[in-house]
Amino acid sequence: MSTSTTPSLWKRVQSHHLLWPVVTLVLILMVNASLNPGFWMLQWRDGHLYGSVIDILNRAAPLMLVSLGMTLVIATRGIDISVGATVAISAAVAALMVGGKLVITDGVAQHVSRFPMWLAIVCALITALACGLWNGVLVAKIGLQPIIATLILMVAGRGVAQLLTDGQIVTVYYPPYFYIGSGYLWGLPFALFIAGFVYLLMHLAVTRTALGLFIQAIGINPAAARVAGVRERLISICVYAFCGLTAGIAGLIISSNVKSADGNNAGNLLELDAILAVTLGGTLLTGGRFTLAGSMIGALIIQTLTSTIYSIGVPPEINLVVKAAVVFVVMLMQSAEFRRAVRGWVVRPAAGSHA
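S.K.: Please clarify how the overall build of the protein chain should be interpreted in this entry.
M.R.: Across its full length, the protein chain carries 15 helices and eight strands. When each of the 355 residues of the protein chain is scored for burial, the buried share is 45%. Within the protein chain, contacts between residues separated by at least 24 positions form 75% of all contacts whose residues are at least 6 apart in sequence. Only carbon and sulfur atoms are counted for the fraction: they give 69% of the accessible area of the protein chain, which is about 18000 Å².

Encoded structure:
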């Protein structure tokens, strides 16, 4: 390779929008591995893989899904802080419809779903989609500020979830339902395949059609996009509806994994983790530029960081402070303005001492 090609390649790598998210994830993984010697160890038992890395991937799947939906919302200059409540509603609907009452047939005891599992899943997802549509209509049609519109559902939705569950934890006893969040396919968590499938569909939609360009145009200048013929309001409604749908899928995974639905705690603070994951991945909060792959990496960063904090024995009462501090440092690392300022501080003293 010629010397002229090497600097050019390095500049392309430096300017790539996924560089810092990947570097951040690698650094956190290295810290985790240094604290836990068996971090990279994988074992094959009962037909699937076990290990710390597999646990992180499995637990990150719901956050990946919510982050993907949040990415498109933020790309259109919006925000959705109601996804946690939507997760709780979706989980509650599915858990109530599945249930799993004990039935004895020919002397054999087995748990039977109240409704067909496919129907419970469809109803839960339709409910989550309706929540997203509600947010989209309030923002695009009524004209409410996104944070106010979604704050309404954030508060009311949590109350709806508690009303559905009667303020209790609804336990699910139907084993086939557990496969969604706890099952394995080809040795890997099934939830990871769900997140990967949704990512693939979204990637094709924003790269193989004009949807990605329309979303960017809306995020950069909604009025100009509308004048150019982009159906800005319809796309915004669809984006919020899709965000609700991804939160609904995450609710199914979470409730399936813990075999219950908790209207009070399910999805609690998930919206904040999703926003952090999206911004860590390189999507601009001001709209326009967005990256789905970056949001997936951001979700892995958040989950790996959470696992690291627990593994080093940080007391529960201060783990959020540690998490916030690490995220703050990571965001500074990703800021081009901050890096330029640091270079300026370094260069000035060096120049002064030389003089």
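Resuming the write-up.
S.K.: When you look at the environment of Q303 in this model, what are you seeing that I'm missing?
M.R.: Examined against the element boundaries, Q303 turns out to sit in helix α13 (residues 292-311). By relative accessible area, Q303 is classed as buried at 13%. Put simply, Q303 and A60 are 243 residues apart on the chain and 5.7 Å apart in space, counted from C-alpha to C-alpha. Q303 has contacts with I56, R59 and A60, leaving out every residue within four places of it along the chain.

S.K.: Please clarify how the packing of helix α3 (residues 52-75) against α13 should be interpreted in this entry.
M.R.: Packed helices, taken two at a time, are described by their axes: the angle between them and the distance between them. Two elements in contact, α3 and α13, have axes separated by 8 Å at closest approach and are oriented at 140°. By the angle between their axes, α3 is oblique relative to α13. For the pair α3 and α13, the crossing hand works out as right-handed. Residue-level inspection shows I56, L57, R59, A60, L63, M64, S67, L68, T71 and L72 of α3 in contact with α13, the latter providing L292, S295, M296, A299, L300, I302, Q303, T304 and S307. When the residues that make up the contact of α3 with α13 are grouped by side-chain class, the tally is 12 nonpolar, six polar and one charged.

S.K.: I would appreciate a short explanation of the side chain of S260 in the present structure.
M.R.: Secondary-structure assignment places S260 in strand β8 (residues 260-262). Not counting residues up to four positions away in its chain, the partners in contact with S260 are I169, V170, T171, V172 and S255.

S.K.: Looking at this model, I keep getting lost on the packing of aromatic side chains. Mind explaining?
M.R.: Each aromatic ring pair is summarised here by two numbers: the centre-to-centre distance and the angle between the ring planes. A full pass over the atoms with the stated rule returns three aromatic pairs. Pairing Y179 with F190 gives two aromatic rings, centres 4.9 Å apart and planes at 40°, and the pair type is tilted. Linking Y179 in helix α7 (residues 175-182) with F190 in helix α8 (residues 190-208), this pair joins segments that are 11 residues apart in sequence. Under the relative-accessibility criterion, Y179 is labelled partly exposed at 36%.

S.K.: I tried to follow the nonpolar core on my own but got confused; where do I start?
M.R.: The nonpolar side chains of soluble globular proteins are, as a tendency, buried together. Ranked by internal contacts, the top residues of the largest apolar core, which has 86 residues, are M64, L72 and Y177. When neighbours within four sequence positions are excluded, M64 is seen to be in contact with L192, A195, M296, A299 and L300.

S.K.: It is not clear to me how a nonpolar patch on the surface should be interpreted in this structure. Could you clarify?
M.R.: There is a patch of nonpolar side chains on the surface, built from W134, I147, I148, L151, I152, M154 and V155 and spanning about 630 Å² of accessible area. The dominant element in the nonpolar patch, judged by the number of residues it contributes, is helix α6 (residues 146-165), at six residues. Along the chain, I147 turns up in helix α6. Judged by its relative accessible area of 48%, I147 is partly exposed.

S.K.: Whenever I open this one, helix α11 (residues 232-258) confuses me. Can you help?
M.R.: Residues separated by three or four positions in an α-helix point in the same direction, a consequence of the helix having 3.6 residues per turn. The end-to-end C-alpha separation of α11 is 39 Å, in line with the 39 Å expected for 27 residues at 1.5 Å each. Counted residue by residue, α11 has 19 buried out of 27 residues, so it is predominantly covered. At the exit of α11 stands K259, carrying a positive phi of roughly 60°.

S.K.: What is the right way to look at the pattern of salt bridges in this model?
M.R.: A side chain with one charge can pair with a side chain of the opposite charge if their charged atoms come near. Going through the model one piece at a time under the given rule, you end up with one salt bridge. The partner of R226 in a salt bridge is E232, and the shortest N-O contact between them spans 3.0 Å.

S.K.: Explanation requested: unusual backbone geometry in the structure shown.
M.R.: Backbone phi values are negative for most residues with the exception of glycine, while trans is the configuration of most peptide bonds. We note that R77 has phi near 70°; this positive angle belongs to a residue other than glycine. One can find R77 in the loop between α3 and α4 (83-98). Take R77: its relative accessible area is 43%, and that puts it in the partly exposed class. Unusually for a residue other than glycine, L269 sits at a positive phi of about 65°. Looking at the secondary structure, you find L269 in the loop between β8 and α12 (270-280).

S.K.: Explain the environment of I309 to me, please; I cannot follow it from the model alone.
M.R.: Within the secondary structure, I309 sits in helix α13. On the basis of relative accessibility, which here comes to 5%, the residue I309 falls in the buried class. Not counting chain neighbours up to four residues away, the residues in contact with I309 comprise V314, N319, V322 and K323.

S.K.: How should the packing of α7 against α11 be read in this particular structure?
M.R.: Between α7 and α11, whose axes approach to 7 Å, the crossing angle comes to 115°. At the point where α7 passes α11, the crossing takes the left-handed sense. Together, Y177, F178, Y179, I180, G181 and S182 of α7 and L252, I253, S255, S256 and N257 of α11 make up the contact between the two elements. A class-by-class count of the residues in the contact of α7 with α11 yields six nonpolar, five polar and no charged.

S.K.: Could you clarify how one ought to interpret the confidence of the model for the protein chain in this entry?
M.R.: A low pLDDT means the predicted coordinates there should not be read in detail. With 88% of its residues at a pLDDT of at least 70, the protein chain reaches an overall mean of 85. Across the protein chain, the element-wise mean pLDDT spans from 61 in helix α1 (residues 5-15) up to 95 in helix α5 (residues 117-142).

What counts and how
Residue indices follow the written sequence of each chain, beginning from 1 at its first position. Only residues with pLDDT of at least 70 are given local features in this predicted model, and only at 80 or more are side-chain atom pairs given and counted; all residues enter the totals for whole chains, interfaces and linings. To obtain the side-chain values, all non-hydrogen atoms of the structure were included, while hydrogens and water were left out. Counting from the N terminus, the helices are DSSP H or I runs at least four residues long and the strands are E runs at least two residues long. Burial status follows relative accessibility: with a 1.4 Å probe on protein chains alone, a residue under 20% of its type maximum counts as buried, one over 50% as exposed, and anything between as partly exposed. Note on contacts: a residue pair is in contact if any heavy atoms of the two residues lie within 4.5 Å. Computed with a 1.4 Å probe, the accessible areas rest on the Shrake-Rupley method; for each residue, only the protein chains presented here act as cover. Between the N-to-C directions of two axes lies an angle of 0 to 180 degrees, each axis being a line fitted to C-alpha atoms and, for a helix, fitted only over the stretch in contact. Angles below 35 degrees are treated as roughly parallel, those above 145 as roughly antiparallel, those between 65 and 115 as roughly perpendicular, and all remaining angles as oblique. Each crossing is labelled by how the near helix is turned from the far one, with a counterclockwise turn of less than a right angle marking it left-handed and a clockwise turn marking it right-handed. Classification used: nonpolar for Ala, Val, Leu, Ile, Met, Phe, Trp, Tyr, Cys and Pro, charged for Asp, Glu, Lys and Arg, polar for all others including Gly. A pair of aromatic rings is counted whenever rings of Phe, Tyr or Trp (Trp by its six-membered ring) have centres within 6.5 Å, and the orientation is called stacked for planes under 30 degrees apart, edge-to-face for over 60 and tilted otherwise. As used here, the term nonpolar core means buried Ala, Val, Leu, Ile, Met, Phe, Trp, Tyr and Cys residues forming a set that is joined through side-chain atoms within 4.5 Å. Only residues whose relative accessible area exceeds 30% and that form no salt bridge are eligible for patches; like-charged ones are grouped when within 9 Å, while nonpolar side chains (Val, Leu, Ile, Met, Phe, Trp, Tyr) are grouped when within 5 Å. When a carboxyl oxygen of Asp or Glu lies within 4 Å of a side-chain nitrogen of Lys or Arg, that pair is called a salt bridge. Expected span, for any helix, means 1.5 Å times one less than how many residues it has. The pLDDT score gives, residue by residue, the confidence of the prediction method on a 0 to 100 scale.

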